[in-house]
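Secondary and tertiary structure notes
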Amino acid sequence: DTAVSQTPKYLVTQMGNDKSIKCEQNLGHDTMYWYKQDSKKFLKIMFSYNNKELIINETVPNRFSPKSPDKAHLNLHINSLELGDSAVYFCASSRSAGTSGPRPHNEQFFGPGTRLTVL
Amino acid sequence: GQQVMQIPQYQHVQEGEDFTTYCNSSTTLSNIQWYKQRPGGHPVFLIQLVKSGEVKKQKRLTFQFGEAKKNSSLHITATQTTDVGTYFCAGRGGKLIFGQGTELSVKP
């Protein structure tokens, strides 16, 4: 019973290609996120969606475009991949403030990560 | 903009020794969270602190939130090899900002 799942787990591709990473959560959360973790393990938020609406859009190149077809899915499409895009990309989800539950509302549940290598 | 600094970046300890990581924010936080990421794994939520001066314990782990709500610490007593991993603080001002993490290695 995977709570937050991502595909693929590994992605090796050439510079200039376009690729997508998919994320799904079955926790009933309405907020989802994409994070980039570089080789120094620094976790940087890229995007956040709440109820399919973009609420956080950090300084990320236009080549990165998130898409949320519904509350349970948040995909990340990357155009014209560059060497510097190599990293581990984590999807995460949380429930919103004002919703009930036994845990803090903004506890983030992370997916297993997608290791992207651009050659 | 809001920044969250975490030190040290690395800590190597002998099994049984204590370990502490510190987190400082440039702005007052509404709450702070701590996560653990095992090698090759993903961040997993440990705890959230909300109140000024709050102290919470989870077995050998002690979490503190500063009086001014701008700093926090995680202390592990008598480390074990299972404690290995990277510990992140994440402070919430407007959005959640992660610290750089402290990578803990434990020598048996």
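Turning to the environment of A:His29, a few remarks are in order. Residues and elements named next belong to chain A. Within the secondary structure, His29 sits in the loop between strand S3 (19-25) and strand S4 (31-37). Sequence spacing of His29 and Leu11 is 18 residues, and the spatial spacing of their C-alpha atoms is 27 Å. For His29, the residues in contact, after removing those within four places along its chain, are Lys71, Ser93, Ser94, Arg95 and Phe109.

Here we come to the confidence of the model for chain A. For chain A, the mean per-residue pLDDT works out to 90, and 91% of the residues sit at or above 70. Confidence, expressed as mean pLDDT per element, reaches its minimum in chain A at strand S6 (residues 53-57) of chain A with 81 and its maximum at S3(A) with 98.

Let us look at the interface of chain A and chain B. Across the boundary between the two partners, chain A contributes 16 residues, which contact 18 residues of chain B. Roughly 1500 Å² is buried in total at the junction of chain A and chain B, and carbon and sulfur atoms are behind 55% of that figure. Taken as a group, A:Lys41, A:Asn106 and A:Phe110 account for 33% of the area that chain A buries against chain B, more than any other trio of residues on that side. Here chain A is connected to chain B by one salt bridge.

Turning next to the pairing of strand S7 (residues 61-65) of chain B. Residues and elements named next belong to chain B. The buried fraction of S7 amounts to four of the five residues, a majority that puts the element mostly inside the structure. Sheet topology note: the strand S6 (residues 55-58)/S7 ladder contains four bridges and is antiparallel. Opposite Lys57, over in S7, you have Thr62 as the bridge partner. As judged from the five bridges shared by S7 and strand S8 (residues 71-76), these two strands associate in the antiparallel manner. When the bridges of S8 are listed, Leu61 appears paired with Ile76. The turn linking S7 back onto S8 is made up of five residues, and Lys69 within it adopts a positive phi angle of 55°.

Cut-offs applied
- Residues numbered from 1 in each chain as written.
- Chains lettered and ligands numbered in written order.
- Predicted model: local features only at pLDDT ≥ 70, side-chain atom pairs only at ≥ 80, totals over all residues.
- Heavy atoms only, no water.
- Helix = DSSP H or I, 4+ residues; strand = E, 2+ residues; numbered from the N terminus.
- Contact = heavy atoms within 4.5 Å.
- pLDDT = per-residue confidence, 0-100.
- Buried area = accessible area lost by both parts, 1.4 Å probe.
- Salt bridge = Lys/Arg side-chain N within 4 Å of Asp/Glu carboxyl O.
- Buried < 20%, exposed > 50% of the residue type's maximum accessible area, 1.4 Å probe, protein only.
- Pairing = 2+ DSSP bridges.

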